[in-house]
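# Commentary on secondary and tertiary structure
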Amino acid sequence: MRCAADDTLCVDPHWVRRPSGRLPKKTRREAATILRHQFSDRPVKYSLITGTVLFAVTAPAAAQWPPPPLYDTAEPARTCESLTTVDLADTTVDSAALETAGPGGPPYCRVTAIATHPPANDRVTIWVALPTETWNGRFLGTGGGGFSGGSPRSLPAAVREGFAAAATDTGHEQNSGSFALGPDGALEWMLIRDNAYLGIHAMTRVGKELTAAFYGRQPKYSYFRGCSTGGRQGLMEVQRYPDDYDGVLSGAPAINWDRLHLAQMWGQLVMLEAGHFVRPCAFRLAQARAVEACDMQDGLADDVIPEPRQCPFDPAELLGAEVESCGPITEADIAVLRKILEGPRRRDGSFLWYGLTPGTDFLALNGTTRDPLGGAPMRITLDWFRYFLARDPDFDWTGLTHPSYEHYWDQSVEEFGRVFGTDRTDLSGFRDRGGKAIVWHGWSDPLIYAQGTVDWFEGVEDRMGDTGDFLRLFMVSGARHCADMPGITPENPFAVVVRWVEEGVSPATLGAVRRGADGEVLESRPICRYPKAAIYSGNGDPKDAASFECREQVLDR
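What this report covers is the structure whose coordinates are included nearby.

What counts, and at which threshold
Residues numbered from 1 in each chain as written. Predicted model: local features only at pLDDT ≥ 70, side-chain atom pairs only at ≥ 80, totals over all residues. Heavy atoms only, no water. Helix = DSSP H or I, 4+ residues; strand = E, 2+ residues; numbered from the N terminus. Buried < 20%, exposed > 50% of the residue type's maximum accessible area, 1.4 Å probe, protein only. Contact = heavy atoms within 4.5 Å. Areas by Shrake-Rupley, 256 points an atom, 1.4 Å probe, with all protein chains shown as cover. Core = buried A, V, L, I, M, F, W, Y, C linked by side-chain atoms within 4.5 Å. Disulfide = S-S within 2.5 Å. Axes fitted to C-alpha atoms, helices over the stretch in contact; angles between N-to-C directions. Parallel < 35°, antiparallel > 145°, perpendicular 65-115°, else oblique. Nonpolar A, V, L, I, M, F, W, Y, C, P; charged D, E, K, R; others polar.

Moving on to the overall build of the protein. Regarding its fold elements, the protein presents 14 helices and 18 strands. For the protein, the proportion of its 557 residues judged to be buried stands at 59%. For the protein, contacts bridging at least 24 residues in sequence account for 71% of all contacts bridging at least 6. For the protein, the exposed surface amounts to about 21900 Å²; the carbon and sulfur share of it is 50%.

Structure below.
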C-alpha cells in the first residue's frame, strides 16, 4: 500500500530497514576482513598503488561565490511588515521586522512564524530571513545540532550570501532530549516526530511560501545545508520529501540515530563491566600511536591516516608504555581499547555496530574523570537513555549491564528507527526529480561513526547502482566532527552543490585548504570521491593539491 511520507504507522514501500546487527553482504565481508586483521599478530600488508589512478589532482575551477543573482531585480513585491497578514496553512506569522545581517551587513526582513499539525497542539517556531536588496533568487534551509532543530543565528550568514533562508526549533526550545517525555512519563510522540522530520519539512514549506509572497516570485532553486543533526535532517528531506530541495549538503550526518546513541555508550559500558576505567593519558597515547603506525599509508608523514579501515594498529603494542608520568599501559587498558575499536557486540559476539576508527579521539565519548576514576558519558547520549528509552529523568547509567544494554539497543531500533533513522536506500524520488546531494564525513569523527555513513552509502549503491549522477560521498582523512577539523578542511563544499545543480558540473573532488590568520592558503589537498583517497604522488610540493592523486587503497591479502 501507499503511505503519506510522514505516516510512521504505515508501511512505506520505499522504506528499507536493515535488521539490527545484519548488514549488506558487501559491508559484512568488509567488516569481517577488517576485524580478522585488526589485532592479528601477523603483519598485514597494504598496497597504496593497486587502486586505479584517475588523474593528478589539480584545483577544480572555483564556483563564483556568493552565487550570482538569478533574477534581474531583487526588489520585494511588498513591505516586510505586511507579511504578518499572509495566509498560510496551519501557520500564523507572529512578527516581521527589518534587521541587518551583522555590522555593515545587508538589510533583511526577519519573520517569525508558528506552524502546527492539527489536531495536535504542537508549536514549531520558524524563522525566515528575506534580503531586501541582495536576494540571489534562491532559498536555503538550515539545520541544527544535537537535539536542537536549528537556530536563527544561522540566518545572517545566509543573508550575506544572498539567500532567502529559514531555520526552525522543530517544536522545542532547549537543546535537550527532555522534550520527548511528558509530565505523565509517556512519550510525546508529536514532539518527537516534529524533531525527527516534520519540523524541517514545515520550515521548508513556510520558508518557500513567505519567500514567494515577499518577492512576488518563487525561488528558482532551493537548497539545504547542515552538519551532524543538520546532516541527518538534509538526508531525511531527500528520503521523505524529495521535492523539497534541488540540492543538499549533508556533513557528518547522524544517519543511524536510533543506533548511534547506543553505540556512543558502548565504551562506557565496557569500562563499567570490566571495573576498569582507562586514564585520559592512556587514551591519548593510543590515538597518537595509531596515527604513527598508519600515517604513511599515503606516502606522506602528515599525522593523518588516509584510510583508517586499513590501519592494522593493535593496542597490544602499547603494553608497558609509560604515559605522561601517569603510569604504564596495562593489559586491562588494552582490553578496553580493543573493544572500543571493535565496536558494540552482543554477548554472543555478534555485530551490533561499528567502533571508532584507529587514530580517532577516544575521549569525546569515552571520557573518564579523576578522584576516583570513573566514566563521563556524553550528555546527548545520556539524554537518549533518560528520556527516550528508560523514560526516567533520574536514570543512572552506572546500573547498565550487557543484557540491559542489548535490551535498550533493540528497543531503540524498534521504537525509533522508522522515525529518526535516515538509512533508506531507495532515493529514486530525489534522483528522478533531478536532485543533487553531497555527503561528506571525517574519517576521524569522534562522535558519529564514519563507517556508519559508508555503510548507508554502500547500501544505496547496492540497491540503485552507481549514484554519481545525483549522490556523491566524500570521506575526509583526519577530519573530526563538522567544523572541529584540525589541519586541512573542506572549503565551501556548499558552493560545489550549487554549481552541480545549476551548471551540471559533477564534482570528482572537493577542495580543501589550511589557511593562515591573514587568510593566505598555507596548504591545499583534494578530497576524493569515495572510495578513493588522496595519495601523494611522490613528486612536487606536498602542500600543493596538484601533487596528489585519487587512488583506491586495496587490501593486499
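Another point: the nonpolar core. Across soluble globular proteins, nonpolar side chains show a tendency to be buried alongside one another. I192, W384, F388 and F420 are the most contacted members of the largest nonpolar core, which totals 70 residues. Contributions of two or more residues to this core are made by α3 (189–215), α5 (257–264), α6 (266–274), α7 (280–294), α8 (331–342), α10 (379–389) and α11 (402–420). Among the elements that line this core, the one with the most residues is α7, at eight residues. With sequence-adjacent residues up to four places away left out, F388 is seen in contact with F147, G177, F179, A180, L187, I192, D383, Q411, E415, F416 and F420. Ranked by size, the runner-up nonpolar core spans 50 residues in total, among them A113, Y215, Y245 and W456.

Our focus in this paragraph is the state of the cysteines. A complete count under the given rule lists five disulfides for this structure. The residue that forms a disulfide with C80 is C109, at a sulfur-sulfur distance of 2.0 Å. Note on the C80 and C109 pair: the S-S dihedral is about 75°, so by sign convention the disulfide is right-handed. Taken together, the residues C80 in the loop between β1 (46–47) and β2 (91–100) and C109 in strand β3 (residues 107–115) connect sequence positions 29 residues apart. Paired by a disulfide, C281 and C326 hold their sulfur atoms 2.0 Å apart. An S-S torsion of about 105° defines the bridge between C281 and C326 as right-handed.

This next bit is on the packing of α5 against α11. Axis separation between α5 and α11 bottoms out at 7 Å; the angle between their running directions is 150°. As the angle between them shows, α5 and α11 are arranged roughly antiparallel. Between α5 and α11, the contacting residues are W257, D258, R259, L262 and A263 on the first element and Y405, Y408, W409, S412, V413, F416, G417 and F420 on the second. Residue composition of the contact of α5 with α11, grouped by class: nine nonpolar, two polar and two charged.

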